[in-house]
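If you want the building blocks of each chain, they are given just below.
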Amino acid sequence: MRAAVLERSPVDLTFPAVSVAQGSRVTGHIRDGAGGLDLEDGASFVDGGLEGGAQLVERRASGAPSDPSDTFAPVSIPIPKSISPSSISQFQSCPLAFRFAYIERLPQAPSPAASKGTLVHRALELLMHRDPTDRTVEAALADLADARVELADDPEFAGLELDDAAWAEFHADAEALVRRYFDLEDPTAVEPIGLELKLEATVGRATVRGIIDRLERDREGRLVVSDYKTGRAPHPNYQAQR
């Protein structure tokens, strides 16, 4: 028998089946601040914690009629006024994380991986402001150092709780990412016409917002949108997918 802890908090938390008394299994989710648990068959329990929930499941598993006080009304959830590709991706991977971040807007601790991506993005943006012939590895590393100073007081970096060894690894990884960028393309051949461009469009009732890392023209004069990725190695067909 697995144990579980149910806390009363204003969340809508989906969780897997939980084994309770006599091997009964039930799935559901915590709803709103009242702490109710909706079961698949429509029953639910409010308050009482795990013990009260186990008693309800025992009653339901035995076929005993449910108490009218066990019912719990659905709660409406506000819809965000705007969304972004990253928020859509988060909703698809974890609706609960989406709710915390974009509906409840709960404070979130900065992530070393995300902060590192921000740092590298800024360094590459500074690199693209240089004349094409000046876009060397050495210049990119100098831009990385400038970006490091520029972002030092940003909450995304100031809030990172890293010791000296972790900070050293953080900056070593950022430098490696900048160096690796030169294996992907020749920056001297890039003709940027826009950097960090903000855009938005209305889709149904929602406003979709996003940022283009780099808009450029290729040798044939066509517009190309490039998106820097620092979280994983690029696909071998990176150039063909741009």
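Just above, that's the structure.
Attention here is on the structure that accompanies the text. (Residues numbered from 1 in each chain as written. Predicted model: local features only at pLDDT ≥ 70, side-chain atom pairs only at ≥ 80, totals over all residues. Heavy atoms only, no water.)

## What about the overall build of the protein?
The helix and strand tally for the protein stands at eight helices and eight strands. A fraction of 46% describes how many contacts in the protein between residues 6 or more apart in sequence connect residues 24 or more apart. Total accessible area computed for the protein in this model is approximately 15200 Å², and 53% of it derives from carbon and sulfur atoms. (Helix = DSSP H or I, 4+ residues; strand = E, 2+ residues; numbered from the N terminus. Contact = heavy atoms within 4.5 Å. Areas by Shrake-Rupley, 256 points an atom, 1.4 Å probe, with all protein chains shown as cover.)

## Let's talk about the pairing of strand β8 (residues 223-226)
Burial along β8 is one-sided: V224 and S226 are buried, while L223 and V225, pointing the other way, are not. Counted along the chain from strand β7 (residues 206-217) to the antiparallel partner β8, the turn is five residues long, and its residue G221 has a positive phi close to 85 degrees. (Buried < 20%, exposed > 50% of the residue type's maximum accessible area, 1.4 Å probe, protein only. Pairing = 2+ DSSP bridges.)

## Topic: the packing of helix α2 (residues 85-93) against helix α3 (residues 95-103)
Interhelical geometry of α2 versus α3 gives an angle of 140 degrees and a closest axis separation of 5 Å. In terms of orientation, α2 lies oblique with respect to α3. Every residue of α3 that contacts α2 at S86, S87, Q90, F91 and S93 is listed here: P95, A97, F98, A101 and Y102. For the contact of α2 with α3, a count of residues per class yields six nonpolar, four polar and no charged. (Axes fitted to C-alpha atoms, helices over the stretch in contact; angles between N-to-C directions. Parallel < 35°, antiparallel > 145°, perpendicular 65-115°, else oblique. Nonpolar A, V, L, I, M, F, W, Y, C, P; charged D, E, K, R; others polar.)

## Considerations on the side chain of D143
With respect to the element layout, D143 can be found in helix α5 (residues 137-150). Looking at D143, its side chain comes within polar contact range of the side chain of R130, at 2.9 Å. Beyond its immediate stretch of four places on either side in the chain, D143 contacts A123, L126, L127 and R130. (Polar contact = N/O pair within 3.5 Å; in protein donor to acceptor, adjacent residues only side chain to side chain.)

## What about the nonpolar core?
Side chains that are nonpolar tend, in soluble globular proteins, to be buried together. Ranked by size, the top nonpolar core spans 23 residues in total, and within it L119, L127, M128 and Y181 carry the most contacts. Secondary-structure elements contributing two or more residues to this core are α4 (112-128), α5 and α7 (164-184). With seven residues, the single largest contributor to this core is α4. If near-sequence neighbours (up to four positions away) are discounted, Y181 is found in contact with L124, L127, M128, P187, R214 and Y228. (Core = buried A, V, L, I, M, F, W, Y, C linked by side-chain atoms within 4.5 Å.)

## Describing the packing of aromatic side chains
Counted according to the given criterion, the structure contains six aromatic pairs. Both rings, one in W167 and one in F170, keep their centres 5.3 Å apart while their planes meet at 75 degrees; by these two values the pair is edge-to-face. With W167 and F170 both in helix α7 and three residues apart, this pair spans about one turn of that helix. Accessibility expressed as a relative area gives 22% for W167, which makes it partly exposed. (Phe/Tyr/Trp six-rings, centres within 6.5 Å; stacked < 30°, edge-to-face > 60°.)

## Structural notes on the pattern of salt bridges
Taken as a whole, this structure holds 12 salt bridges when the rule is applied. Close ionic contact of E175 with R179 constitutes a salt bridge, the shortest N to O distance being 3.1 Å. Here E175 and its partner R179 are both found in helix α7, four residues apart, which amounts to about one turn of the helix. Note that K229 is salt-bridged to D227, the shortest N-O span being 2.9 Å. By relative accessible area, K229 is classed as exposed at 63%. Note on D227: relative accessible area 38%, which makes it partly exposed. (Salt bridge = Lys/Arg side-chain N within 4 Å of Asp/Glu carboxyl O.)

## Thoughts on the pairing of strand β6 (residues 192-203)
Of the strand pairs in this sheet, β6 and β7 are connected by 10 bridges, and their pairing is antiparallel. Each bridged residue has a counterpart across the sheet, and for E200 the counterpart in β7 is R209.

Purely spatial values, then, with no claim about function.
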